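As a plain string of letters, each chain reads:
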Amino acid sequence: MKREISDSAFEIFFVELMRQAKTNPKGLPAATYVEQIAFVCGQKFLERSCDKKRILNQTELIKYVCREFWTEVYSKQMDQLRRNLQQEGNYVLTDLRFRGLRRFESMHKEDIELHLAFACGMLRGALAALNVTATVTAEVAEPPACAFIVTMLDRPAAA
Amino acid sequence: MAAKNYQQIGDLAFRKLDRVNGDLFCLTYGALVTQLVKDYENIEEVNKQLEKMGWNIGVRIIDEYFAKSGAGRCSDFKDAAEAMAKVGFKMFLGVNARTVNWNPTSTEFSLIIEDNPLADYVELPEAFARTMWYSNLLVGVIRGAFEMVQYRVEARFV
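These numbers come from a predicted model, not from an experiment.

Peer 1: What is the right way to look at the packing of helix α1 (residues 7-22) of chain A against helix α2 (residues 22-40) of chain B in this model?
Peer 2: To characterise two packed helices, one gives the angle between the axes of the helices and the distance between these axes. Remark: α1 of chain A packs on α2 of chain B, axes separated minimally by 12 Å, with the N-to-C direction vectors making an angle of 20°. Taken together, α1 of chain A and α2 of chain B sit at an angle that is classed as roughly parallel. Regarding α1 of chain A and α2 of chain B, the two cross each other, and that crossing is left-handed. Across the interface between the two elements, Phe10, Phe13, Leu17 and Gln20 of chain A from α1 of chain A touch Leu24, Phe25, Thr28, Tyr29, Leu32, Leu36, Asp39 and Tyr40 of chain B from α2 of chain B. Split into classes, the residues belonging to the contact of α1 of chain A with α2 of chain B amount to 9 nonpolar, 2 polar and 1 charged.

Below is the structure:
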């Protein structure tokens, strides 16, 4: 049976993670610190939960990330997936009720940035575990909706 | 006075709370520990930092405990320890814990956590196995939480 912990425990832990990021001894920008941690986490997460042999092409890969992966991490699927037809390997993944923004009205701007950095790192890590090098950035036009822009830098092995 | 059934309270509280994938926690924790090793370059310092982070979590989580557990106040240290083990650990981490080996004056005990949720998938490299307290966050959480209910404690792994 899949292990669960309480949402509030993870949130309180995450607040502490953010505090550590903001005061890290090497002086890394907090968002970079959080993104790096999330990258490692996302990689390992995907390796644990995904049967990679079943992903046969880029379309299935991005759908897996939007559906199964995002659900494992954020308890829901991405709501929209758009691809940039002019540029292969560019996608916009939108979560209309991003969990990281559910209390956006009372969040400091910096904490919002760190929640987004975590999500971007998780996505980047998951993609890396699927042999895709990508950059992931987040755009929030209308919280709690959030768009994640994925720019793949390689061509993956299968078309 | 009937003993409260902390086991039941803990189980119920855990079921009622929103939950997330446990892997998210242990994998984030693992990545954090890895980062801390890079940050501090000294395992003793990493242990200390984990304990400090845990303390910060402990002082905050106690409010959540009182708000959501339905367990009420504790009568003495032994009662508080029982509540922490059976209710606290269960409702937040979904794990069973118990207090054992109480000393005659009821001021010292051992806490046994069945199935440490932080240590899933973890293997410590040989170089760290003797010096790193990987789950030291929990030690800090315990110390911080107790301090908020007016008990100053020392906690350590054995």
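Once the structure has been displayed, the description carries forward.
Peer 1: How do you make sense of the packing of α1 of chain A against helix α3 (residues 43-68) of chain B when you look at a structure like this?
Peer 2: Contact geometry of α1 of chain A with α3 of chain B gives a least axis separation of 10 Å together with a crossing angle of 135°. Taken together, the axes of α1 of chain A and α3 of chain B are oblique relative to one another. Both α1 of chain A and α3 of chain B take part in a crossing whose hand is right-handed. Contact residues: Ser8, Ala9, Ile12, Phe13, Val15, Glu16, Leu17, Arg19 and Gln20 of chain A in α1 of chain A; Gln49, Met53, Asn56, Ile57, Arg60, Ile61 and Glu64 of chain B in α3 of chain B.

Peer 1: Looking at this structure, I do not really get the layout of surface pockets. What am I missing?
Peer 2: To find leftover empty space, one rolls a probe the size of a water molecule over the atoms. All names here are of chain B. Taken as a whole, the largest pocket spans an internal volume of roughly 870 Å³. Around the largest pocket sit 28 residues that line it, and Phe109, Ser110, Leu111, Ala155 and Arg156 are the ones nearest its centre. Counting residues per element, the ones that place at least two in the lining of the largest pocket are α4 (77-93), β3 (110-113) and α6 (136-148). Of the residues forming the lining of the largest pocket, the biggest block, 5 residues, is contributed by α6. A class-by-class count of the residues in the lining of the largest pocket yields 17 nonpolar, 5 polar and 6 charged.

Peer 1: Just to check I follow, could you spell out the environment of phenylalanine 14 of chain A for this structure?
Peer 2: Residues and elements named next belong to chain A. Looking at the secondary structure, you find phenylalanine 14 in helix α1. On the basis of relative accessibility, which here comes to 5%, the residue phenylalanine 14 falls in the buried class. Each C-alpha atom of the pair phenylalanine 14 and phenylalanine 118 lies 9.8 Å from the other, and the pair is 104 residues apart in sequence. Setting aside residues up to four positions removed in sequence, phenylalanine 14 forms contacts with Val34, Leu114, His115 and Phe118.

Peer 1: How do you make sense of the side chain of threonine 94 of chain A when you look at a structure like this?
Peer 2: Looking at where threonine 94 of chain A falls in the secondary structure, it is placed in strand β3 (residues 90-95). When its relative accessible area of 8% is taken as the criterion, threonine 94 of chain A is described as buried.

Peer 1: Help me out: how do you make sense of the sheet that holds strand β2 (residues 80-83) of chain A in this one?
Peer 2: The strands that make up a sheet pair up through hydrogen bonds in the backbone, lying either parallel or antiparallel. Residues and elements named next belong to chain A. Pairing is antiparallel in the open sheet, where 4 strands are placed in the order β2-β3-β5-β4. Taken across any chain shown, the strands that pair with only one partner, and hence form the sheet edges, are β2 and β4 (134-139). Strand-to-strand twist across the sheet, computed as the mean angle between neighbouring axes with direction ignored, equals 20°. One ladder, built from 4 bridges, connects β2 with β3; its direction is antiparallel. What sits directly across from arginine 82, in β3, is valine 92. On the sheet, helix α3 (residues 58-74) packs against β2, β3 and β5 (146-152) and is oriented at approximately 20° with respect to β3.

Peer 1: Explanation requested: the interface of chain B and chain A in the structure shown.
Peer 2: Accessible area lost on assembly of the parts is the figure often given for the size of an interface. Listed by partner, the interface residues are 39 residues for chain B and 33 residues for chain A. Interface of chain B and chain A: buried area, both sides summed, is about 3,400 Å²; carbon and sulfur atoms make up 64% of it. On inspection of chain B and its partner chain A, the count reaches 4 salt bridges. At the boundary of chain B with chain A, the tally comes to 16 residue pairs in polar contact (both at pLDDT 80 or more). Of all the secondary-structure elements, those providing two or more residues to the side of chain B that touches chain A are β1 (19-21), α2, α3 and α4 of chain B. In terms of residues, the side of chain B that touches chain A owes the most to one element, α2 of chain B, which gives 14 residues. Relative to β1 of chain B, strand β1 (residues 4-6) of chain A runs antiparallel, the two sharing 3 bridges. Residue pairing in the sheet places serine 6 of chain A in a bridge with arginine 19 of chain B of β1 of chain B.

Peer 1: Explain helix α2 (residues 30-49) of chain A to me, please; I cannot follow it from the model alone.
Peer 2: Along an α-helix, residues three or four apart share an orientation, since each turn contains 3.6 residues. Compared with the 28 Å implied by 1.5 Å per residue over 20 residues, the 28 Å span of α2 of chain A between its first and last C-alpha is a close match. Burial in α2 of chain A covers these residues: Ala30, Tyr33, Val34, Glu35, Ile37, Ala38, Phe39, Cys41, Gly42, Phe45 and Leu46 of chain A. In this structure, the buried residues of α2 of chain A make contact with α1, α3 and α4 (109-129) of chain A together with β1 and α2 of chain B.

Peer 1: Quick question: what am I supposed to make of the nonpolar core here?
Peer 2: Proteins that are soluble and globular tend to have nonpolar side chains buried together. Counting residues in each nonpolar core, the largest one holds 103 residues, and the members touching the most others are Phe69, Leu93, Phe118 and Phe148 of chain A. No other element matches α4 of chain A, which puts 12 residues into this core.

Peer 1: I tried to follow unusual backbone geometry on my own but got confused; where do I start?
Peer 2: Negative phi characterises most residues that are not glycine, and trans characterises most peptide bonds. Of the consecutive residues proline 143 of chain A and proline 144 of chain A, the connecting peptide bond is found in the cis state with omega at 5°. Mapped onto the elements, proline 144 of chain A comes out in the loop between β4 and β5. For glutamate 41 of chain B, which is not a glycine, the phi torsion comes out positive at approximately 55°. Mapped onto the elements of the fold, glutamate 41 of chain B is located in the loop between α2 and α3. Its relative accessible area of 63% is what places glutamate 41 of chain B among the exposed residues. Even without being a glycine, serine 106 of chain B presents a positive backbone phi close to 55°. Take serine 106 of chain B: its relative accessible area is 24%, and that puts it in the partly exposed class.

Scoring rules and cut-offs
- Residues numbered from 1 in each chain as written.
- Chains lettered and ligands numbered in written order.
- Predicted model: local features only at pLDDT ≥ 70, side-chain atom pairs only at ≥ 80, totals over all residues.
- Heavy atoms only, no water.
- Axes fitted to C-alpha atoms, helices over the stretch in contact; angles between N-to-C directions.
- Helix = DSSP H or I, 4+ residues; strand = E, 2+ residues; numbered from the N terminus.
- Parallel < 35°, antiparallel > 145°, perpendicular 65-115°, else oblique.
- Left-handed = near helix turned anticlockwise from the far one by under 90°.
- Contact = heavy atoms within 4.5 Å.
- Nonpolar A, V, L, I, M, F, W, Y, C, P; charged D, E, K, R; others polar.
- 1 Å grid on protein atoms, 1.4 Å probe; cavity = no way out; pocket = protein on both sides within 12 Å on 5 of 7 lines; lining within 4 Å.
- Points joined across faces, edges and corners; volume = space filled by probe spheres on them.
- Buried < 20%, exposed > 50% of the residue type's maximum accessible area, 1.4 Å probe, protein only.
- Pairing = 2+ DSSP bridges.
- Buried area = accessible area lost by both parts, 1.4 Å probe.
- Salt bridge = Lys/Arg side-chain N within 4 Å of Asp/Glu carboxyl O.
- Polar contact = N/O pair within 3.5 Å; in protein donor to acceptor, adjacent residues only side chain to side chain.
- Expected span 1.5 Å × (residues − 1).
- Core = buried A, V, L, I, M, F, W, Y, C linked by side-chain atoms within 4.5 Å.

No statement about biological role is implied by the geometric values presented.
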